[in-house]
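Observations on the model geometry
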Amino acid sequence: METLIFLVAFPLLPAALLLLVPNNGVRNIVTRGSFAVIAAASVYLLWQGIGAQPAFYSLEAGLIDEGMFVIEVFLSALIFFLGVKYRNYLTSVFVTLQFALMAVYEFVYAPGVAIEHNLFVDKLSIIMALIIGIIGGLICVYALGYMKDFHSHHHDMKDNRPFFFFVLFVFLSAMFGLVFSNSLLWLFFFWEVTTICSFLLIGYTKTPEATRNAFRALVMNLSGGLAFAGAIFYLASQGLTLELDKLITSPHGLVMIPVALMCFAGITKSAQMPFSSWLLGAMVAPTPTSALLHSSTMVKAGVYLAIRLAPVISGTYVGDMVALVGGVTFLLAAFMAISQSNAKRVLAYSTISNLGLIIVCAGIGTAPAIWAGIFLIIFHAIAKSLLFLCVGTIEHRIGSRDIEAMGNMFAKMPGMAVMLLIGICGMFIAPFGMLISKWAAIKAFLDVGTLMSPILILILAYGSAVTVFFWAKWMGKIISANTLFAPRDPMNDQISWDEWFSEWAHTVLTVAICLAFPLVSQWLVEPYIAGVYGKDFDLTKSMYMITFIMVVMVILVPAISFPSQRNSYAFGTAYMSGRNTYPGRVFDGSIATRKQATLKNYYLQSFFGEDKFMKLGVVMCSCIILIMFGVAFI
Amino acid sequence: MTHLSIGIAYIFLAPLVGGLLMGVDRIVSARMQRRVGPPLLQPFYDVAKLLQKDTIIVNRLQNPALVCHLVFMIATGFLFFEGSDILLIIFLLTLSAVFLVLAAYASSSPFSHAGAERELILMTAYEPMVLLMLVGFYKVIDSFSFYTIVESGKPLILYLPGIFIGFLYILTMKFRKSPFDISISEHAHQELVSGLTSDFSGRSIALVNIARWYEDVFLLGLVYLFFSFNVLGGIAAVLLTYLFEILIDNTFARFKWEAALRSAWIVALVLGGGNLVILYAFMGV
């Protein structure tokens, strides 16, 4: 239990320090040191937890509860005030309603509610803690180098780094709290803190666009928070349990309404349609924010809650509707990713799409589906974080986040190109993690046992075909050469050590987790599933060997064939219909001119345009969510 | 053990079979066009000659990518005939195809670039159908292994007629036959010169050809699964399928990529998805 409390409380210490001591040298030391401590503590938690049963703890909650309530009052007042100040009245309305619900609960029902266990830790919490501690911590380290660069690029913006790092560490603390809370009240508290942290991070630059998008994120997530508060209010007013472990073993009929409300909260937080726009809008923030929101925190909180609730909704109509929301989001977000040339938007759509798949797994909620869902969370967190960090660094070097500007990367920034390629491979190539999980998801959907099965398989078939397209053309851009022997970019050597360290650590993790995934499955995921579903299950033992061989091949074959390229081959120039050509697609034009041919990728706007699919997705998913509430109330 | 040896036999025999089939293809095509055509062994002569030629490259990355393309193609077929999980194998096939596309991107001529983009569009077009086919197998036989399907003795073609026709449709793409030869074509009338392979020469082109032989045999192995209840009938069906593809090749004009993508998706949805839904309805969910 000490480790849990340490993980929740410790990040607040560097947070306070960094806020109060606005010195760059101190910040560097404190952040690096805190990363080491947090990562070590989460690994220690793993060491403690392997082979152990889920542990539940009761804390003397009186003082903590009151403290949380005071903080909630303060935060609600702050948001209310901000909503009025920026004329975003919907925010104020939501926060007032939410506060009213919680205040009524606090004064009417709270004295009658006894919560036995506030904190708990099981295998899923450990997995989440590792993701938050290691990936989240690495992103904080990366932020040291990135934010320094960011402010030297943007002199017009106020350098408020102490505040930025303060919020980062508070965010980590809240995420730890979220995954260790068994009391729904505590879970809700941390849930709201992450909403507010992301609001502050998105709005960091204080440009009109950033402010607008920050409020959009806030409103959407507050609507989820309102649903969550409603769930707590309902449970308390009906005299039902307010503990997570008891909730998921309750009889279905009783708790369907609050569970549907909480699923709604999960859907908003994990940016499923119709709420995807907040995550797209969050792209205006500096890269560490995007990386954090997309990989280890925020959206992962949403899918975490959905996975937790999966046993209750599995096999019900509510579960089917949740799965459909995820399925539609998965498919349409993948379509839209094709039409984007802005690297960050491609990443954002791909995140939304992958989260959709996790939500499908949660909605289906059978043991193999949950296996797939948890592995999607793990693999996605690592690979996506790596991709964001690379794109952030590249953006500062080449001054663009457009994929079209990333040609010739191998000549200009070879290290960066390799990391970016590994990250992309991690997202869609067998046998890297995401594909293993997708493979498991297909197997899980096959045995669902209702007509959901063919529907979901169709969705998955089309969605994954499209995924190959948008990742592969990005890879193609990176390895294509504009000029054959471009000089190495001198800027390459200016990338800060913090960024290098963080990115290489991610790269190593991306590969290592593919080799280690049987262990992760055996030590963590399978015991978790056995605990929740009460049965052993070995989806994967038969394929460990073959995937292991595949991973080794995928690493070795390129690693051998690329460096061992014969030097005897003659270099030529690209074929240009018989014109005289020179390196770098330069050719002789008419009247003794020399021109360069430029190549651009296909974006298939007429097929996969953003507007029509976004509208379609919003309408469809809104209807499905309405039906979900309909069937929950019946 | 026997399964493993069949897998190993694939590694050595597939290029022979694939090359011979391509020789047959060229003779049959020629006869359809009232020509005599080359000798049966011409594909082997071609590759032997290509291997002796100088190789000129535009980008250091293009040849290693082609080696990866070939190695993963061989691995795909080996694992398939060795009896591993076909669902995983299909992902390996995708990986191999991605390496071919990357080689084309790296070689950077406008023609190979456009060929690479079109190849990706084709991959997007055919993948849903491939996945639906495997799901169909699984629904009937409850397994993803070549040998379990063969030994079950069930006439898959009777359960999966829609899926089979859908698969024939996209098989034309995989065989790079007209009307879907939009990324590479062996016909002279290609507007993209030779598409993907425009900037490959010598050994590079030889690698691409050999990989294709491996791929053709693997694909015909998939066709065989539909008829695997009868060995001779199965082989006959495979050969007929091959001849049918040659016929299509010689009687259709090339599609635009829009038509290729749209039609393949519709076919997959209607025939593949329809077959699957009926299967779920009749066989119980």
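An account of the accompanying structure is given in this report. Note that this is a predicted model, so its numbers are computed, not measured.

Looking only at helices and strands, one finds 25 helices and six strands in chain A. Here the C-alpha atoms of chain A give a radius of gyration of 25 Å, agreeing with the 26 Å that 2.2 N^0.38 yields for 634 residues. Along the first, second and third principal axes, the C-alpha atoms of chain A reach 90 × 55 × 45 Å. A buried classification covers 65% of the 634 residues belonging to chain A.

Okay, the pattern of salt bridges next. Residue and element names in this part refer to chain A. According to the stated counting rule, one finds 16 salt bridges over all chains in the structure shown. As a salt-bridge pair, Asp122 and Arg308 come within 2.8 Å of each other at their nearest N and O atoms. Separated by 186 residues along the polypeptide, Asp122 in the loop between strand 2 (119–121) and helix 6 (123–153) and Arg308 in helix 14 (residues 299–313) bring together distant segments of the chain. Here Asp122 and Arg308 have matching classes, each one buried. Residues Glu610 and Arg345 are paired through a salt bridge, measuring 2.6 Å at the closest nitrogen-oxygen approach. Here the residue Glu610 occupies a position in helix 25 (residues 610–633), and Arg345 occupies one in helix 16 (residues 343–364), the gap between them amounting to 265 residues.

The subject of this paragraph is a nonpolar patch on the surface. Residues and elements named next belong to chain B. Among the surface-exposed residues, Leu20, Val24, Leu40, Leu41, Tyr45, Leu240 and Leu243 lie close enough to one another that they form a single nonpolar patch of about 580 Å² accessible area. Among the elements of the structure, helix 1 (2–32) and helix 10 (231–251) are those that each provide at least two residues to the nonpolar patch. Within the element layout of this structure, Leu243 appears in helix 10. Since its relative accessible area comes to 38%, Leu243 is described here as partly exposed.

With 64 residues of chain B at the interface, the matching set in chain A holds 63 residues. When the buried surface of chain B facing chain A is broken down by residue, Leu61, Leu88 and Phe91 of chain B rank first, second and third, together holding 10% of it. Counting the contacts that link chain B with chain A gives one salt bridge. The salt bridge involving Asp85 of chain B is made with Lys443 of chain A; its shortest N-O contact spans 2.7 Å. At the boundary of chain B with chain A, the tally comes to ten residue pairs in polar contact (both at pLDDT 80 or more).

Calculation notes
- Residues numbered from 1 in each chain as written.
- Chains lettered and ligands numbered in written order.
- Predicted model: local features only at pLDDT ≥ 70, side-chain atom pairs only at ≥ 80, totals over all residues.
- Heavy atoms only, no water.
- Helix = DSSP H or I, 4+ residues; strand = E, 2+ residues; numbered from the N terminus.
- Rg over C-alpha atoms; globule rule 2.2 N^0.38 Å.
- Buried < 20%, exposed > 50% of the residue type's maximum accessible area, 1.4 Å probe, protein only.
- Salt bridge = Lys/Arg side-chain N within 4 Å of Asp/Glu carboxyl O.
- Patch = residues over 30% accessible without salt bridge, like charges linked within 9 Å, V, L, I, M, F, W, Y side chains within 5 Å.
- Areas by Shrake-Rupley, 256 points an atom, 1.4 Å probe, with all protein chains shown as cover.
- Contact = heavy atoms within 4.5 Å.
- Buried area = accessible area lost by both parts, 1.4 Å probe.
- Polar contact = N/O pair within 3.5 Å; in protein donor to acceptor, adjacent residues only side chain to side chain.

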